[in-house]
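Fold and contact review
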Amino acid sequence: MKRQLFFIPTLLGIVAFASVAALYGAEIQVPVNKDLFFNPKAQKPISLTLDDGTVLRTTGETEVSENFKNYDVVISRPGKLSVSVSIPNEIVQINSIIRAVGNQVALIGMVNGSVYKVVLIDVARYQITDQFLAYRPEPSPNGRFIAFVKFYPPHGYGPDFYPAGPSDFVMVYDTILGPSGNRPAGVNIDDKIDVGTAVYPTGVKTQDPNVGLPEADTNSVTGEFFWAPDSSKFVFNAEHQLKSAQTVTRIIEGKEVEVAKAEASLVLVDLTSPRSPGVKVFQADVCVGLCTEPLMSVEFGATGLKAQLGVGPKKRTIEVQYDQFTSP
Amino acid sequence: MKTCSILSLLTMLLLIIVLSASANATTLSANLSVDDAFSLYLSTDKNMLGTFIGSGDTWTATYSYNGIPLTPRVKNYIQVVGTDQYQFIAAFMGDFTLSDTAFAFSNGTQFLETNTSSGWEVYDTVGGNPLVLTLADYYGSALNGSWPWGFRTEISANAYWIWTNHGMDLTSRYFVAEVDLTDPVTITEANLVRNTVTVQLRGASGTWGVLKVTANGMTNNYAAITPTNPVGPGIYTVSFDRLNMPIDTYKSITAEWDIGSPPATTTYSMQTGWWIVKGVIRHSQYNTPLESKCSGSPQQAWVFDSNCNFTKVPHGLNSNFMNQVVINGTGYSTNNGIIKYCPSTWTACCAAQRPKGATDSNAFLEVSIVTGSCNTKLIAGTSVATYPNPHGNTNLTDFLCRDTALLVTSSDTDQAVKTTQDWCKACSGDFRGTQGHIDDYSPSQACSGSLVGDYGNFWTANTKGENR
């Protein structure tokens, strides 16, 4: 319940829940086992009950091993024997199970302290239909979409190797489209990295390299993804490295000091027409060069949104009207 | 009863008046001997003789004076006019002590003995020409106890007989030593890792005032825990309630001792050793897995060097291990050393030279050492990875290479001091309700991530190398 606990006012949480409930009935649960820690040693079973009475329950970790141990998701359908589905063994913590489209659920697990693995399960066929690696996967309230950052190895970047390091590609997985529909032509449906539709930076393609790029071409998502309650759009903060000529400086105590090597923009992704190229990406450069702080919360309103950036003395709240977002 | 109450009030009032009265004056004690005669003065003007204290004309005797009051709030001078009366040899020896820390000699202390290294100047006459001060060592040693004077028990054993021209200028000489006001407040140390600020308060005995110590941030000042009652001269060590210290960059510490109007203050600049408080930060962990720790079966694999020479691993690599190398970026293989994930989309990863069957998931680059973005060897349990990249970053308020991260527990005790050596791109988010995210390099070599859970959420500050 990260969003409701920390970021969005209770009222908005209720709106989000109501939106999901309207789509799928009153029995929807969004069970989670996450938030304060990545702590594989102490996770408890979690469960999700669907509106047709189907219950999914995960096996919690009872012993710690240096090696791999598969978690099971036990699927109990009304009037049928329970069936266990073994999930990929590199998942060592299950954070949540989300009701997706059709007979699918999305299981969001972690393979280490930063890297996630999303597993799609068809509960009617008792089988895994797709899986992919990701950073910060955030399902839409209606469970159809999953916004995430495309996977790259979390470490190993140095001056002698991958000199410019990785770039955050913002992706959207659409659970309606299935494995092949979420991969570009030529990419195997078993591929766990080149998955989803790339929506930001604009112009990048799913299978484009996201490591070893020139520094000026790299992008960072600072903070989290925030979905509108109706799942039609989501917002994030994108930080871009500046070319040296664009570096922002200020005069501090009589000296010119470089205060920003980057600029940031709030980015709004409109999924009203989710099939690419129908995805619309808008950008609001409301605090160029100075708002590279993480996006901590967003409140969606009728005509605009209120975003909180940063923590401590750098914390600021900005209000942006939707018509201030323009095509990048 | 009423009379009694009035008396009590008067007594309390008197007590308050006594307590708030001005402090006792600093006094000087002196023990000295001159071969052959001297006059001792205390002045506030170096070039004019001041108050006469005493004199002597017997070189075999030591003369002592106590309780000589210094003139408050200004610089004082000890003046000794020495005269040779009976030919060989001329010399002056003594030691001098101040009663409290309101004043200090030029050596920074309250004790001064005669020698040529510090504290004394010599002139041909009062207000006259400066001369070269020497030991009176014409006969050899000039240390207290030397021939022909013998040991003077009243004077420090480390004092020397001094004069000009090694004691052979058989005439009068004017010796002067400065007694200067001390800074009433000095911060001698400020260390967030030890959580201590050491403050030295100097003043005449009886000086009292409330001590306040604050860390000065860019947007706020944060008070240390200090005694609530007035304190006197001495050395005080205070600390901060670190857990409630606001997120900010603290560049200096100010100590204020309220002993008058205006209060005595000093500000201690921390130069580049700033305290950059980040708040409560999520510390996840990463590791380099060991192939032998992995269950699973071997599968075909290749390794290649930086010259794109590919070698097929004879018995393959463990399948789970290869999977973890892709996920973590690096791994320790059993027979091929350290290997790195190297996707073919990057030109340096030898895509064109790959043999048939070699893919991103089973062909790895061999490297000799596990390094972070700072290009230094990662140390398990010590290295941390931060966002933004510490390498090449010039923003001093970010974690830069070699900056230290202080981790403090929820009971305000130090958990660890770690060193910034790597970049955690993913740490730009996934804060899990905290105010940031740092990835700590774990000593675990487990294959599975199940033993590399979060290190914990800790109050964290960048102390810029303090106690590295």
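Conventions used here
- Residues numbered from 1 in each chain as written.
- Chains lettered and ligands numbered in written order.
- Predicted model: local features only at pLDDT ≥ 70, side-chain atom pairs only at ≥ 80, totals over all residues.
- Heavy atoms only, no water.
- Helix = DSSP H or I, 4+ residues; strand = E, 2+ residues; numbered from the N terminus.
- Rg over C-alpha atoms; globule rule 2.2 N^0.38 Å.
- Buried < 20%, exposed > 50% of the residue type's maximum accessible area, 1.4 Å probe, protein only.
- Contact = heavy atoms within 4.5 Å.
- Lys, Arg positive; Asp, Glu negative; His and termini not counted.
- Charge placed at Lys NZ, Arg CZ, Asp CG, Glu CD.
- Patch = residues over 30% accessible without salt bridge, like charges linked within 9 Å, V, L, I, M, F, W, Y side chains within 5 Å.
- Areas by Shrake-Rupley, 256 points an atom, 1.4 Å probe, with all protein chains shown as cover.
- Salt bridge = Lys/Arg side-chain N within 4 Å of Asp/Glu carboxyl O.
- Buried area = accessible area lost by both parts, 1.4 Å probe.
- Polar contact = N/O pair within 3.5 Å; in protein donor to acceptor, adjacent residues only side chain to side chain.
- Pairing = 2+ DSSP bridges.
- Disulfide = S-S within 2.5 Å.
- Axes fitted to C-alpha atoms, helices over the stretch in contact; angles between N-to-C directions.
- Core = buried A, V, L, I, M, F, W, Y, C linked by side-chain atoms within 4.5 Å.
- pLDDT = per-residue confidence, 0-100.

**Topic: the overall build of chain B**
When its secondary structure is counted, chain B shows two helices and 33 strands. Compactness check: chain B gives a C-alpha radius of gyration of 35 Å against a globular reference of 23 Å for 468 residues, more than 25% above the reference. Projected onto its principal axes, the C-alpha coordinates of chain B cover approximately 110 × 80 × 35 Å. Within chain B, the proportion of its 468 residues that are buried is 51%. The long-range share in chain B, meaning contacts at least 24 apart out of those at least 6 apart in sequence, stands at 70%. In chain B, 25 side chains carry a positive charge and 35 a negative one; their mean positions are 15 Å apart.

**A look at a nonpolar patch on the surface**
Nonpolar side chains collect at one region of the surface, where Phe88(B), Tyr138(B), Tyr139(B) and Trp147(B) lie side by side and expose about 520 Å² of accessible area between them. Inspection of the secondary structure assignment puts Trp147(B) in the loop between β11 (133-135) and β12 (162-164).

**Considerations on the interface of chain B and chain A**
At the junction of the two partners, chain B supplies 61 residues and chain A supplies 67 residues. Carbon and sulfur atoms make up 55% of the area that chain B and chain A hide from each other, which totals about 5,000 Å². Joining chain B to chain A, the criterion identifies zero salt bridges. Summed over the shared surface of chain B and chain A, the result is 20 residue pairs in polar contact (both at pLDDT 80 or more).

**So, the pairing of strand β14 (residues 185-191) of chain B**
Within a regular strand, side chains alternate between the sheet's two faces. All names here are of chain B. Note: β14 against strand β15 (residues 196-201), six bridges, orientation antiparallel. Bridging from a neighbouring strand, Thr186 pairs with Gln200 of β15. Here β14 folds back onto β15, and the loop between the two strands holds four residues, one of which, Asn195, carries a positive phi near 55 degrees.

**Overview of unusual backbone geometry**
Residues and elements named next belong to chain B. The amide bond that connects Trp147 to the next residue, Pro148, takes the cis arrangement and shows omega of 15 degrees. By the element assignment, Pro148 lies in the loop between β11 and β12. Residue Pro388 follows Tyr387 across a cis peptide bond; omega there is 0 degrees. You can see Pro388 is positioned in the loop between β29 (383-386) and β30 (404-408). The phi dihedral of Gln87 is positive, around 60 degrees, even though this residue is not glycine. Take Gln87: it is sitting in the loop between β5 (76-83) and β6 (91-98).

**Observations concerning the environment of Ile128(A)**
All names here are of chain A. Summarising the element assignment, Ile128 is placed in strand β8 (residues 127-139). Judged by its relative accessible area of 27%, Ile128 is partly exposed. Between the C-alpha atoms of Ile128 and Phe236, which are 108 residues apart in sequence, the distance is 30 Å.

**Thoughts on helix α2 (residues 319-328) of chain B**
Residues and elements named next belong to chain B. Of all ten residues that make up α2, eight are buried, and the element is covered over most of its length. When α2 is considered as a whole, its buried residues turn out to be Asn320, Phe321, Met322, Gln324, Val325, Val326, Ile327 and Asn328. The residue sitting at the N-terminus of α2 and contributing the capping side-chain oxygen is Asn318; that oxygen lies 2.8 Å from the backbone nitrogen of Asn320.

**Brief notes about the state of the cysteines**
Residues and elements named next belong to chain B. Within this structure, the stated rule accounts for five disulfides over all chains. A sulfur-sulfur separation of 1.8 Å characterises the disulfide bridge that pairs Cys294 with Cys447. With the S-S bond torsion at 90 degrees, the cross-link from Cys294 to Cys447 turns out right-handed. Of the two residues, Cys294 sits in the loop between β21 (275-286) and β22 (298-299) while Cys447 sits in the loop between β32 (437-441) and β33 (456-462), which places them 153 residues apart along the sequence. Across the pair, exposure class does not vary: Cys294 and Cys447 are buried alike. Residue Cys424 pairs covalently with Cys427 via a disulfide, S to S 2.1 Å. Across the S-S bond linking Cys424 and Cys427, the dihedral sits near 80 degrees, which makes this disulfide right-handed. For the pair formed by Cys424 and Cys427, the shared burial category is buried.

**Notes on the side chain of Asn216(B)**
Residues and elements named next belong to chain B. Along the chain, Asn216 turns up in strand β16 (residues 210-217). At a separation of 3.4 Å, a polar atom in the side chain of Asn216 contacts the side chain of Thr214. In contact with Asn216, other than residues within four places in its own chain, are Asn221, Thr249, Tyr250, Lys251, Ser252, Ile253, Thr254 and Thr267.

**Focus: the sheet that holds strand β1 (residues 47-49) of chain A**
All names here are of chain A. Spatially, β1-β2-β3-β4 is the arrangement adopted by the four strands of the open sheet, whose pairing is antiparallel. Of all the strands in the sheet, just β1 and β4 (83-86) have a single pairing partner and so form its edges. Averaged over all adjacent pairs, the angle separating strand axes in this sheet is 20 degrees, with direction ignored.

**Looking at the pattern of salt bridges**
Residues and elements named next belong to chain B. Per the stated rule, a full pass over the model turns up 19 salt bridges over all chains. A salt bridge links Asp412 to Arg242; the nearest nitrogen and oxygen atoms lie 2.8 Å apart. Note that Asp412 is positioned in the loop between β30 and β31 (414-423) and Arg242 in the loop between β18 (234-238) and β19 (248-258), a separation of 170 residues in sequence. Across the pair Arg432 and Asp430 runs a salt bridge, and its minimum N-O distance is 3.1 Å. Residues participating in the shared-partner salt-bridge network are Arg282, Asp430, Arg432 and Asp454.

**Remarks on the nonpolar core**
Soluble globular proteins tend to bury their nonpolar side chains together. Among the nonpolar cores identified, the biggest contains 68 residues, and Leu56(A), Leu107(A), Phe234(A) and Phe236(A) are the most heavily contacted of them. By residue number, the principal contributor to this core is α2(B), which donates five residues. Setting aside its immediate chain neighbours within four residues, Phe234(A) contacts Ala147(A), Val170(A), Val172(A), Val199(A), Phe225(A), Phe226(A), Trp227(A), Val267(A), Leu268(A), Val269(A) and Leu271(A). If you look at the next biggest cluster of nonpolar residues, it comprises 39 residues, including Leu40(B), Trp161(B), Ile162(B) and Trp163(B).

**Points about the pairing of strand β1 (residues 27-35) of chain B**
Residue and element names in this part refer to chain B. Of all nine residues that make up β1, seven are buried, and the element is covered over most of its length. Bridge count between β1 and strand β4 (residues 63-69): five bridges; the pairing is antiparallel. In the sheet register, Thr27 faces β4, and the bridge partner there is Pro69.

**As for the confidence of the model for chain B**
All names here are of chain B. The pLDDT averaged across chain B works out to 91; a share of 95% of its residues lies at or above 70. Counted against residues more than four places away or in other chains, residues 1-22, with its pLDDT under 50, gives zero contacts. Among the prediction metrics, the complex's ipTM stands at 0.83, with pTM recorded as 0.81.

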